[in-house]
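# Results of the structural survey
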Amino acid sequence: MNAPIRRLAMVVAFMFTCLLVSTTYIQFVQASSLRDKPNNRRTLLANYARERGPILVHGDPIARSTPTDDDLKFQRSYPDPQLYAHITGYYSFVYGAGAGVERSQDALLSGSADALFYRRMVDLVTGRKPQGAAVELTIDPAAQKAASDGLGKQTGAVVALNPKTGAILALVSHPTYDPNRLAGHDLTKVQQAYQDLNDDKARPLLNRAIAGDLYPPGSTFKVVTAAAALSSGTYDEDTVVPGPATLDLPQTSVNLPNDFRGACGPGGKLSLTRALQISCNTAFGSLGLKLGGNALREQAQKFGFGESLSVPLPVTPSQVPADMNPPQSAQAAIGQFDVRVTPLQMAMVAAGVANDGVVMKPYLVQTVRAQDLDVISQTQPQQLSRAVSSDVAQQLTRMMVKVVSGGTGTRAQIPGVTVAGKTGTAQHGDGKAPHAWFIAFAPAQDPQVAVAVVVEDGGELGHEGFGGSIAAPIAKDVMQAVLKP
Amino acid sequence: MATITTLAPRTRRGVELVLLVFAVGIVMLAYVNVGIAVNGTLPPSIIAYGVGLTVLVLAVHITLRLRAAYADPVLLPAATVLNGLGLVMIHRLDLAENRSGGEAFAARQMIWMALGVALALAILWLLRDHRRLQRFTYTAMAAGLVLLLLPLLPGLGKSINGSRIWIGVGPLSFQPGELAKIVLAVFFAGYLVQTRDALSLVGRRVLGFSLPRARDLGPILIAWLASLGVLVFERDLGSSLLFFGLFVAMLYVATERKSWIAIGLTLFLAGSYLAYLTFGHVERRVLLWLHPFSAKALEVSDQLVRGLFGMANGGLLGTGLGRGRPDLTYYAESDFIVPSFAEELGLFGVFALLLLYLVFVERGMRTALGVRDGFGKLLATGLAFTVALQCFVVVGGVTRVIPLTGLTMPFLSYGGSSLLANWAILGLLLRISDQARRPAPPVEPTNLAGSDAVTQVVRLR
């Protein structure tokens, strides 16, 4: 019987060889593709097991990870969820790092960024618990709060910038949402919350300040038109321009009327400053005709239109259409036709004028620090473009100051501070109340803050809501919050 | 005149003792490793576990010195490492699942190990010669059948996870199939030793194959039907494969006829295919085996997939004991204990474990080669082969070589019945190996004085 026993022993050896091959195949050959399978919970948990870095505003966390007892080890929480939702985004174990800084800085926050490679190695050797980096934002909490309170229940957005650096001081989009609901560890609750937010007609997940559906800028765009006119060399702030009750548009039967149904000045003539001050449609419409669509478009591009910015949240480029015919140019000159902007872009227009004609690149992340507080990266202010000459910027400033001191934007006045601004009331579609706009900066002689406010559909006032009545007070509050010592 | 002197065979008990020190050392190291990885401190329970393990294996070692001095020196250390590492992994999963005190699986497993060792000791003390078991051939058959049928009895049998292979008495549950494989090995060995001549010599040669007579097919057909019965009524693919595989292997060894293997494989494949066509649960198993990542399969179960993820997570070197997440896999301490080890000890750790099993099995086979009686050869072969086959079915199942079945890894997995059965197998193999290696009794020189002495009288003690 010994021969078959020996042969059976060979069979056993063969069976074990099969097992050695199969385990090798799984643990060596297939290992990385198995690790990358989407439903591999271990990979997800490995990301969660590392403490995610906080997102800080003035040293206080607006997103932080706290240890939990469950499988996921850490719970992401947002102490002031509604106020910062569109800045932080959310970090969900079901939907991943969604929107906001959570997504755009995911690698740094989670600690898997290449910039942190060396530190990970050190942590491995020293046995220190690895942790993601902390991301400090440029946000001014007072300005953020003022913007959010000002909008209240109205739909719209506010962006405030430091015109000298491009640092984003406030970024608010309403309606907002509670990212804590998406960061929970209860699968069904998270899924329900996600479903609710996506089904919500008000679309709270939309970041209207930088990446919503673009808005028509209305009369705030007249600042760009004025900039183009002044830069052309044939105009200055005192140049007298025609301002009839209605502007006859060539090639069409449509005319361009003034909002206030009447001529803008005695004899249908007025200075450029006055035209901006009272937001005279016919004057700027005729400027559009004179300058042509391309001049408007080029001036807009110098303010940052058409630029795909990343702050590092991705910003939808604002647009002025190419190849407009004369009537389209006239409409574009007053911010109608197909001119479409983000509130951030309009804040950049105000900031460009404020900063002596130079537009700074907007940014939201000030500093990224490792767990040991070493600075990993720090954002240096960068010039994006020169929009207008210093001289033109000063003329524009003087014109915009008049708007607030004695024009359509008086409700943005701040006692003891010279404010420069421009209102806008943007029609969009028949029957709907226009969007109320206001862009401004202050103090006019030494600008510390530039702001853009849009309130959709006239806000609480509806058809009675104008830029000057609805949006200007919000802008004023935000600027005051920044200027307060 | 040249004289031939034979070296007195050594007992090798000293070697065994050294290997046992290593075995217990490895296990303790692993235990400390888990404690430090999970809690950052030396676990206080290490003394209890260390002393318990040492006492148990020393009891077997001393018994061997007294009762089976020539037993194989490698079998016990191999089993010690496997059982000990199993305890460590079960303890590690206890920590992950927050089971402690009487709830802790490791504590229960320790008790079962003690009972298993007691069973092995009983075999070594009470069974002085394995050939005595041959007397119980047909008793073993009856016992085997009863054990197989017990789970089907209403009231006594319990269905757990779709398989009806358990019996429950009060809070205790037991898998009689684990013990059935031992008594069936005894029965097969006794039966085949008697009938091997008829089964091996008579027959015709067809195409170079010597085929048996039709009427000699009876036993293999009965075994086939019985294993199909286990598959159908107890819904247990693994046990079914194990019993039939055991029978065919022993039949082959007894008769030296390859045709039995061909016939056995044909019958098995035919039976499996029929079962695949007929029974939903077999069909699902095949789906999970071939397409574990398909949406349809994931609807049925993601157990296999979780095990695969665990193994992939381990990679070559593993996460280290206590640093992976084997608790994410269902039955990580029993059916899926190999993926648990694969995750934390890596591919190298799994290789070490598999080679340890291979050493255990091959030492069993060597025992079969060495022992002089046919019954002992068949029994040792059968017992060693069940261990090998069970490893193949379990590891092959979790690594997708064959469809996944519900069997436990010998010595390693959590489970009382399995542990008892495997220590009994170890006891029997030790007993047989003692016979295999023990020198032939010395010839008594008393009657050699007379030159006319033609015959020697050999007296066996």
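Residues numbered from 1 in each chain as written. Chains lettered and ligands numbered in written order. Predicted model: local features only at pLDDT ≥ 70, side-chain atom pairs only at ≥ 80, totals over all residues.

### Thoughts on the overall build of chain A
Along its length, chain A carries 18 helices and 19 strands. Considering chain A as a whole, with its 485 residues, one finds that 54% of them fall into the buried category. Sequence-distant contacts in chain A: of pairs separated by 6 or more residues, those separated by 24 or more amount to 69%. (Helix = DSSP H or I, 4+ residues; strand = E, 2+ residues; numbered from the N terminus. Buried ≥ 20, exposed ≤ 12 C-beta atoms within 10 Å, placed from the backbone. Contact = placed C-beta atoms within 7 Å.)

### Quick word on the overall build of chain B
Assigned secondary structure in chain B consists of 15 helices and five strands. Taking the contacts inside chain B whose residues are at least 6 apart along the sequence as the reference set, 70% of them involve residues at least 24 apart.

### Digging into the confidence of the model for chain A
Averaged over all residues, the pLDDT of chain A equals 85, while 95% of them reach at least 70. The secondary-structure element of chain A with the lowest mean pLDDT is helix α7 (residues 117–126) of chain A, recorded at 69, while helix α1 (residues 2–29) of chain A shows the highest, at 94. (pLDDT = per-residue confidence, 0-100.)

### So, the packing of helix α12 (residues 303–314) of chain B against helix α13 (residues 337–370) of chain B
Residue and element names in this part refer to chain B. Contact geometry of α12 with α13 gives a least axis separation of 6 Å together with a crossing angle of 20°. Considering their axes alone, α12 and α13 lie roughly parallel with respect to each other. With respect to the hand of their crossing, α12 and α13 are arranged in left-handed fashion. Contacts between α12 and α13 involve G307, G310, M311, N313 and G314 on the former and, on the latter, P339, S340, A342, E343, E344 and G346. (Axes fitted to C-alpha atoms, helices over the stretch in contact; angles between N-to-C directions. Parallel < 35°, antiparallel > 145°, perpendicular 65-115°, else oblique. Left-handed = near helix turned anticlockwise from the far one by under 90°.)

### Focus on the sheet that holds strand β1 (residues 55–57) of chain A
Within a sheet, adjacent strands bond to each other through the backbone by hydrogen bonds, running parallel or antiparallel. Residue and element names in this part refer to chain A. With mixed pairing, six strands are arranged side by side in an open sheet as β3-β2-β1-β6-β14-β15. The strands lining the two open edges of the sheet, one partner per strand, are β3 (74–77) and β15 (375–378). Strand-to-strand twist across the sheet, computed as the mean angle between neighbouring axes with direction ignored, equals 25°. Of the pairings in the sheet, the one linking strand β2 (residues 60–67) to β3 comprises four bridges and is antiparallel in character. Note that in β3 the partner of R64 across the bridge is S77. (Pairing = 2+ DSSP bridges.)

### Observations concerning the interface of chain B and chain A
Each partner contributes residues to the interface: chain B has 38 residues there, and chain A has 27 residues. Sorting elements by how many residues they give to the side of chain B that touches chain A places α13(B) first, with 12 residues. Looking at the side of chain B that touches chain A residue by residue, the class counts come to 25 nonpolar, eight polar and five charged. (Nonpolar A, V, L, I, M, F, W, Y, C, P; charged D, E, K, R; others polar.)

### Some remarks on the confidence of the model for chain B
Model confidence for chain B is summarised by a mean pLDDT of 86, while 90% of its residues fall at 70 or above. Taken together, the chains of this predicted complex give a pTM of 0.64 and an interface ipTM of 0.91.

### Focus: helix α8 (residues 237–255) of chain B
All names here are of chain B. For α8, with 19 residues, the first-to-last C-alpha span of 27 Å sits near the 27 Å given by 1.5 Å per residue. Counting buried residues along α8, 19 of its 19 residues qualify, which places the element largely inside the surrounding structure. Residue E256 follows α8 closely and has a positive phi angle near 60°. (Expected span 1.5 Å × (residues − 1).)

### Observations concerning the sheet that holds strand β18 (residues 435–442) of chain A
Residue and element names in this part refer to chain A. Strand order in the open sheet made by the five strands is β8-β7-β19-β18-β17, with antiparallel pairing throughout. Looking at the sheet topology across the chains shown, the edges are occupied by β8 (168–174) and β17 (420–426). For this sheet the average axis-to-axis angle between neighbouring strands, irrespective of direction, equals 5°. Looking at chain direction, strand β7 (residues 156–161) and β8 are connected through six bridges and run antiparallel. Within β8, the residue paired with A160 across the bridge is A170.

### Some words on the nonpolar core
One broad trend across soluble globular proteins is that nonpolar side chains are buried collectively. Counting 142 residues, the largest nonpolar core has L246(B) and M250(B) as the members making the most contacts within it. In this view, L246(B) contacts K181(B), L184(B), A185(B), F188(B), G382(B), F385(B), T386(B) and L389(B); residues no more than four positions away in its chain are not counted. Counting residues in hydrophobic clusters, the runner-up holds 133 residues, among them L151(A), V224(A), V419(A) and A442(A). (Core = buried A, V, L, I, M, F, W, Y, C linked by C-beta atoms within 7 Å.)

### Some remarks on the pairing of β8(A)
Among the seven residues in β8(A), seven count as buried, and that is most of the element. Here β7(A) folds back onto β8(A), and the loop between the two strands holds six residues, one of which, G166(A), carries a positive phi near 95°.

### Regarding the packing of helix α7 (residues 218–233) of chain B against α8(B)
All names here are of chain B. It is at 7 Å that the axes of α7 and α8 come closest, and there the two elements cross at 165°. The orientation of α7 relative to α8 falls into the category roughly antiparallel. As for the relative orientation of α7 and α8, their crossing is right-handed in sense. On α8, the residues that touch I220, A223, W224, A226, S227, V230 and L231 of α7 are L237, S239, S240, F243, F244, F247 and L251. Each residue belonging to the contact of α7 with α8 can be placed in one class, and the counts come to 11 nonpolar, three polar and no charged.

### Considerations on the pairing of strand β19 (residues 449–455) of chain A
Residue and element names in this part refer to chain A. The buried count for β19 comes to seven of seven residues, which makes it a mostly enclosed element. Alternating residues of β19 divide into V449, V451, V453 and V455 and A450, A452 and V454, and every residue in both groups is buried. Sheet analysis places β7 next to β19, joined by six bridges and oriented antiparallel. In the strand pairing of β19, V159 is matched with A452. Note that β18 and β19 share seven bridges and pair antiparallel. The partner of F438 across the bridge, within β19, is V453. Linking β18 to β19, which pair antiparallel, is a turn of six residues.

### Remarks on the environment of F392(B)
Looking at the element boundaries, F392(B) is found in helix α14 (residues 374–398). Separated by 10 residues in sequence, F392(B) and I402(B) place their C-alpha atoms 9.0 Å apart. Dropping the residues within four chain positions of it, F392(B) is found in contact with M15(A) and L19(A).

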